[in-house]
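Notes for the structure review
One letter stands for each residue in the lines below.
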Amino acid sequence: MLEFEAIGTRWGIETPEPLESRVITAIADRIESYDSAWSRFRDDSLVTHIARAPGTWRLPAEAGALLDVYRSLYEATDARVSPLVGHALERLGYDAAYSLRDSGHHTPAMPWGDAIAWDGATLTTYSPVLLDVGAAGKGQLVDLVAGVLRENGVHEYVVDASGDIVHAGPQPTRVALEHPLDASKAIGVVELANGALCASASNRRAWGAGLHHVIDALTGLPTSNVLATWVMAPSALVADGLATGLFFADAARFEGLGPFQWARMLSTGRVEHSDDFEGELFL
Amino acid sequence: MFSPFPAESKRPKNSCVMLEPATVPLRNENPVTQLPVKIALTTFAALTLAGSLAACSSPAPSDNTGDTGVDTDAGNNSNLSTSEEPYNDGTYSSSGSYDTPAGTESIDVTITLAGDKVADVEVVGHDNGNPDVKRYQAEFIGGISDIVVGKDIDELSVDRVAGSSLSSTGFKAALQNIKAQALA
């Protein structure tokens, strides 16, 4: 089991055999290159540069899949999920310095087409936009790290980045679905095999009454109707994105993102889940 | 007393079900607002929920008087077929209103039946902005859905947890700092 901290969260990678040091180095390099592109918490990152002035930017290869998922989420949620919420998060106090102080000044994110144009390779920004890929970026990085394992001949693994999990191999991994209001309890158990499970909870990163990181791009404010979501999908990119999307729209809206299983807990305490949810829920 | 009436013509064949919330709000002081609640019920939930729909023995109604609704007291059946004939698949709506000392309040219930089971329920409460009303109606709605019962993670045999317990290190440190400042 390899454990480390990266992109501000705890990672665990389980493999049948200990990883060779060259594989560990490759993993570290992959994470560093992702972080240096997408972290809005770094002064030297690409998204920090992009935020300084409008312009045209060549994005790294993973941007295509990432922005495709974002575009689907944006449309399915009627613009409530958007990569343009970076400034809204900053105003709420979730900024690079972690000031965690609500400025009290809340504005919606700019509409996609007014702020940016993406042609599949280059991004044009019409104003200084602060991209935030928090809805799906961690999931994508989990997929990319799993890709590094496969490229190095490792085909059985669990990559777990604190709630974004991808599994491959004959033995499923049993995952407790943590109760969003009581971390000592689970609302269910899932057996994950050869796929991804991503969880999102509005209390995951909360810093005050009603202040958390799941932001409605239309209001610039945290959402409140859903407490937590869990999604199983073939990739962690899609599962992570859907876990955010389900805070803002019903599952039926996301058919374009392919097959997935889901559960979510509403603020009323009720739990909804897909017909085909392969897991035990303690209802 | 709740007096539901059908809002749409299509109804289950053997319908004579009372819509009877266990608790009804008693006060009504504020301007009208709506509390829309959408419950997407699926197989597992439908089993326990389906018990909330049950036939009763009231006389067959005319088209304009109430007879279709939800009986929250019938809790043990896991299938709608407690009477002779199966229900027709389809979507059924009913409105219910009840008098309170402060006036009349109402909810609209829409239920989708598929294969003799409840596939979907939508309840819109006209709560008049009264928080008590919201709460009671939420309880009523909750009564026909599933509330989760958490189990101790320590008692489960699991390899890992998916949720919110592990959050960003930098974030946690900053939060501690804020708490310290707030206490100073």
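Structure first, text after, so check above.
In short, a report on the structure. (Residues numbered from 1 in each chain as written. Chains lettered and ligands numbered in written order. Predicted model: local features only at pLDDT ≥ 70, side-chain atom pairs only at ≥ 80, totals over all residues.)

**Some words on the overall build of chain A**
Assigned secondary structure in chain A consists of seven helices and 18 strands. Burial statistics for chain A: of 283 residues in total, 49% are counted as buried. Relative to all contacts within chain A whose residues are 6 or more apart in sequence, the contacts with residues 24 or more apart total 62%. (Helix = DSSP H or I, 4+ residues; strand = E, 2+ residues; numbered from the N terminus. Buried ≥ 20, exposed ≤ 12 C-beta atoms within 10 Å, placed from the backbone. Contact = placed C-beta atoms within 7 Å.)

**Re the nonpolar core**
Counting 86 residues, the largest nonpolar core has Val159, Leu177, Leu197, Val231, Ala239 and Leu242 of chain A as its most contacted members. Counting residues per element, this core draws most heavily on helix H3 (residues 63–76) of chain A, at eight residues. Two domains each provide a minimum of three residues to this core, namely domain 1 (53–125) and domain 2 (169–281) of chain A. Contacts of Leu177 of chain A, omitting those with residues within four sequence positions, involve Ala186, Ile187, Gly188, Val189, Val190, Ala199, Trp230 and Ala263 of chain A together with Ala162 and Gly163 of chain B. (Core = buried A, V, L, I, M, F, W, Y, C linked by C-beta atoms within 7 Å. Domains from an automatic or database assignment.)

**A few points about unusual backbone geometry**
All names here are of chain A. Of note in this structure, Ile7 is not a glycine but carries a positive phi near 40°. Tracing the sequence through the fold places Ile7 in the loop between strand E1 (2–6) and strand E2 (9–14). Here the phi dihedral of Ala79 falls at roughly 75°; this positive angle occurs in a residue that is not glycine. Mapped onto the secondary structure, Ala79 falls in the loop between H3 and helix H4 (86–91).

**A few points about the environment of Ile7 of chain A**
Residue and element names in this part refer to chain A. Look at Ile7 and you get partly exposed, because 18 C-beta atoms sit within 10 Å. Here the alpha-carbon distance between Ile7 and Trp38, two residues 31 residues apart in the chain, equals 9.9 Å. Not counting chain neighbours up to four residues away, the residues in contact with Ile7 comprise Ile31, Asp35, Ser39, Lys138 and Leu141.

**Description of the sheet that holds strand E4 (residues 116–118) of chain A**
Residue and element names in this part refer to chain A. One open sheet holds the three strands; their spatial order is E3-E5-E4, and the pairing between them is antiparallel. The strands lining the two open edges of the sheet, one partner per strand, are strand E3 (55–58) and E4. Recorded for the sheet is a direction-independent mean angle of 20° between the axes of neighbouring strands. Pairing between E3 and strand E5 (residues 122–125): four bridges, direction antiparallel. From the neighbouring strand, Arg58 faces E5, where its bridge partner is Thr122. (Pairing = 2+ DSSP bridges. Axes fitted to C-alpha atoms, helices over the stretch in contact; angles between N-to-C directions.)

**A look at H3 of chain A**
Residue and element names in this part refer to chain A. With 14 residues, H3 extends 20 Å between its outermost C-alpha atoms, agreeing within 8% with the 20 Å of an ideal straight helix rising 1.5 Å per residue. Every buried residue belonging to H3 is among Ala63, Leu66, Leu67, Val69, Tyr70, Ser72, Leu73, Tyr74 and Ala76, and all of these are buried. Turning to H3, the residues buried within the fold contact helix H5 (112–115), E4, helix H6 (137–151) and helix H7 (236–245). Immediately downstream of H3, the backbone of Asp78 shows phi near 50°, a positive value. (Expected span 1.5 Å × (residues − 1).)

**Examining the packing of H6 of chain A against H7 of chain A**
All names here are of chain A. Look at H6 against H7: their axes get within 7 Å of each other, and the N-to-C directions meet at 165°. On the basis of the axis angle, H6 is roughly antiparallel to H7. Seen from above, H6 lies across H7 with right-handed handedness. Every residue of H7 that contacts H6 at Lys138, Gly139, Gln140, Val142 and Asp143 is listed here: Ala236, Leu237, Ala239, Asp240 and Gly241. Partitioning the contact of H6 with H7 into residue classes produces four nonpolar, three polar and three charged. (Parallel < 35°, antiparallel > 145°, perpendicular 65-115°, else oblique. Left-handed = near helix turned anticlockwise from the far one by under 90°. Nonpolar A, V, L, I, M, F, W, Y, C, P; charged D, E, K, R; others polar.)

**Topic: the packing of helix H1 (residues 21–38) of chain A against H6 of chain A**
Residues and elements named next belong to chain A. Contact geometry for H1 and H6: axes closest at 9 Å, N-to-C directions at 155°. Taken together, H1 and H6 sit at an angle that is classed as roughly antiparallel. In the packing of H1 onto H6, the handedness of the crossing is right-handed. On H6, the residues touching Ala26, Ile27, Arg30, Ile31, Tyr34 and Trp38 of H1 are Gly137, Leu141, Leu144, Val145 and Val148. Looking at the contact of H1 with H6 residue by residue, the classes come out as nine nonpolar, one polar and one charged.

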